[in-house]
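# Overview (structure and organization)
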Amino acid sequence: MKLLTYKTNETEPRLGFIHNNQVIDMEDFGEISNFPLPSTMLELIDMGYELVEELNDMISETEAGLFEEIAYEMDEVTFLAPIPKPRKNIIGIGLNYTEHVAESARTLDTTGKLPQKPIIFSKPPTTVTATNTEIIKNTKLTEQLDWEVELAVVIGKKGKYVPKADAMDYVFGYTVINDISARDCRREGQWIVSKGQDTFAPMGPILVTKDEIENPHNLNLSLKVNGVEKQNSNTKFLLFNINDLIEDLSTVFTLEPGDIIATGTPSGVGAGRNPQEWLYDGDVIEATVEGIGTIVNTVKEISI
């Protein structure tokens, strides 16, 4: 399923899905199907991934005419982040593409050695913003704002000490994250000030359930700034793949439904270029992952 959180001029944020290139309200679909369904993404995830198969069957069995009363055209809705307010911090993975390890060593304070275990950091829930919103660059905090396109994994059920062979059983779906980073805000090797400022995790435009993605380890991902391509790679080059990450993370702490793992970015970030490139007021960033879509955001400079 292609799931989204959306709103209209008349509604608060709602859960929907895309069907025949229209947005169908999930709760309303439940009403016409006589099957109670939730109005938020987290509630749906809490109901378990098995529900997705039931929903697909219900959709295929529903007469086309019944969708008309609960459908919106795509341009009638505002796409919000799929999970606008995560319950916990987003789990970030650093230096998870070999070429990005090399470029970071050239220009940042990293060693250039391939990590032996995943490098874990986090981004607070307030970093989340949607496509077609502004990324806030506070010039009193940073002059080195950078981009990082990433595949994000959304966890579907509680897991502790998950073997990598079973890891995909714990995945609900996937989305796109742009891991915005203020390179001059790292403090003694700690990244949360660099990674954790408000609006530093554009997410979306939709959440694609795992049945729609044949192989998450063979997805193209790319990023453009003002129409110029800066990153272009494939998830097959992940140093630690999704199975590795879920096994490692669940050993450190319990994974829970709705948790979000940003799996890392490939090479091509601004800090790794010669000369280095940064984001400025009015710059437009497009981050794309194959099979999911593109999020578009504009930089807004403030000084507070």
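The structure under discussion appears in the preceding block.
Residues numbered from 1 in each chain as written. Predicted model: local features only at pLDDT ≥ 70, side-chain atom pairs only at ≥ 80, totals over all residues. Heavy atoms only, no water.

### Section: the overall build of the protein
Quick reminder of the rule: Helical segments are the DSSP runs of H or I of at least four residues, strand segments are the runs of E of at least two, and each set is numbered from the N terminus. Radius of gyration here is computed from C-alpha atoms only, and the compact-globule reference equals 2.2 Å multiplied by the residue count raised to the power 0.38. By definition, residues are in contact when any of their heavy atoms lie within 4.5 Å. To be clear on the numbers: accessible area is Shrake-Rupley with a 1.4 Å probe, and residue cover counts the displayed protein chains and nothing else. Only four residue types enter the charge count: Lys and Arg as positive, Asp and Glu as negative, with His and the chain ends excluded. In plain terms, the charge of a residue is placed at NZ if it is Lys, CZ if Arg, CG if Asp and CD if Glu.
Of the regular secondary structure elements, the protein holds 7 helices and 19 strands. For 304 residues, the compact-globule estimate of 2.2 N^0.38 gives 19 Å, and the protein sits close to it at 19 Å. Dimensions of the protein, computed from C-alpha atoms along their principal axes, come out at roughly 60 × 45 × 30 Å. By sequence separation, contacts in the protein at least 24 residues apart represent 75% of the contacts at least 6 residues apart. Carbon and sulfur atoms form 46% of the exposed surface of the protein, whose accessible area is close to 13600 Å². Charge-centre separation for the protein: the mean point of 26 positive side chains lies 11 Å from the mean point of 48 negative side chains.

### Thoughts on the sheet that holds strand S15 (residues 220-225)
In plain terms, the rule: At least two DSSP bridges between two strands are needed for those strands to be called paired. Simply put, an axis is a line fit to the C-alpha atoms, just over the touching stretch for a helix, and the angle between two N-to-C directions goes from 0 to 180 degrees.
On the basis of which strands lie adjacent, the open sheet formed by 5 strands has the order S9-S19-S18-S15-S16 and mixed pairing. Edge positions in the sheet fall to strand S9 (133-138) and strand S16 (228-234), since each of these pairs with one other strand and no more. Going across the sheet, the axis of each strand differs from the next one's by a mean of 20 degrees, ignoring polarity. As paired strands, S15 and strand S18 (residues 284-289) are joined by 5 bridges and run antiparallel to one another. Paired with Leu221 across the bridge in S18 is Val289.

### Quick look at the packing of aromatic side chains
Quick note on the threshold: Any two rings among Phe, Tyr and Trp, with Trp reduced to its six-membered ring, count as a pair given centres within 6.5 Å; such a pair is stacked if its planes are under 30 degrees apart, edge-to-face if over 60, and tilted if neither. Burial here depends on accessible area, computed with a 1.4 Å probe over protein chains only, as a share of the maximum for the residue type. Under 20% is buried, over 50% is exposed, and the range in between is partly exposed. Each ring is checked for a lysine NZ or an arginine CZ that lies within 6 Å of its centre and within 35 degrees of its normal; such an atom marks a charge sitting over the ring.
This structure, assessed with the given rule, holds 5 aromatic pairs. Measuring from ring centre to ring centre gives 5.8 Å for Phe29 and Phe67, while their planes differ by 10 degrees; the resulting arrangement is stacked. Of this pair, Phe29 sits in helix H1 (residues 26-32) while Phe67 is found in helix H4 (residues 64-67), placing the two residues 38 residues apart along the sequence. The same class applies to Phe29 and to Phe67, which are both buried. Each member of the aromatic cluster is reached from another via a ring pair, and the members are Phe17, Phe29 and Phe67. A cation over a ring is seen here: Lys157 above Tyr170, with NZ or CZ 4.6 Å from the ring centre.

### Brief notes about the side chain of Asp25
The condition that has to hold: Pairs of N or O atoms are called polar contacts if they sit within 3.5 Å, as long as, within protein, a hydrogen donor faces a hydrogen acceptor (for residues adjacent in sequence, only side-chain-to-side-chain pairs).
By the element assignment, Asp25 lies in strand S3 (residues 22-25). A distance of 2.5 Å separates polar atoms of two side chains, one belonging to Asp25 and the other to Tyr6. Contact partners of Asp25, with chain neighbours within four places excluded, come to Tyr6, Arg14, Leu15, Gly16 and Ile70.

### Digging into empty space enclosed by the protein
A water-sized probe rolled over the atoms picks out the places where empty space is left. Where we set the bar: In this analysis the probe radius is 1.4 Å and the grid spacing 1 Å, with only protein atoms considered; a cavity is a set of points the probe fits into but cannot get out of, a pocket is an open set with protein on both sides within 12 Å along at least five of seven lines, and lining residues have an atom within 4 Å of a point. Grid points are joined across faces, edges and corners, and a volume is the space filled by probe spheres set on the points. Asp, Glu, Lys and Arg are counted as charged, while Ala, Val, Leu, Ile, Met, Phe, Trp, Tyr, Cys and Pro are counted as nonpolar; the rest, among them Gly, fall into the polar class.
Counted by the stated rule, this structure contains 2 cavities of 30 Å³ or more. Empty space within the second largest cavity amounts to approximately 50 Å³. Along its surface, the second largest cavity is lined by Leu42, Pro86, Arg87, Lys88, Asn89, Ile90, Pro257, Gly258, Asp259 and Ile260. Looking at side-chain class alone, the lining of the second largest cavity contains 5 nonpolar, 2 polar and 3 charged residues.

### Side note on the layout of surface pockets
There is about 160 Å³ of room inside the largest pocket. As for the largest pocket, its lining consists of Thr5, Pro13, Arg14, Leu15, Ser39, Thr40, Met41, Leu42, Pro82, Ile83, Pro84 and Lys85. Breaking the lining of the largest pocket down by element, the ones donating at least two residues are strand S2 (14-19) and helix H2 (41-46). Grouping the amino acids of the lining of the largest pocket by side-chain chemistry returns 7 nonpolar, 3 polar and 2 charged.

### Let's talk about the pattern of salt bridges
Definition in use: A pairing counts as a salt bridge when a side-chain nitrogen of Lys or Arg comes within 4 Å of a carboxyl oxygen of Asp or Glu.
Tallied over the entire structure, the rule returns 16 salt bridges. The residue Asp25 makes a salt bridge to Arg14 at a minimum N-O spacing of 2.8 Å. Remark: Arg14 occurs in strand S2 and Asp25 occurs in strand S3; sequence separation between them is 11 residues. Each of the two residues, Asp25 as well as Arg14, counts as buried. Put simply, Arg14 and Asp28 hold a salt bridge, and the shortest N to O gap is 3.7 Å. With a gap of 14 residues between them, Arg14 in strand S2 and Asp28 in helix H1 connect regions that are remote in the sequence. Judged by its relative accessible area of 18%, Arg14 falls in the buried class. Through salt bridges that share partners, Lys123, Asp146, Glu148, Asp179, Arg183 and Lys195 make up one connected network.

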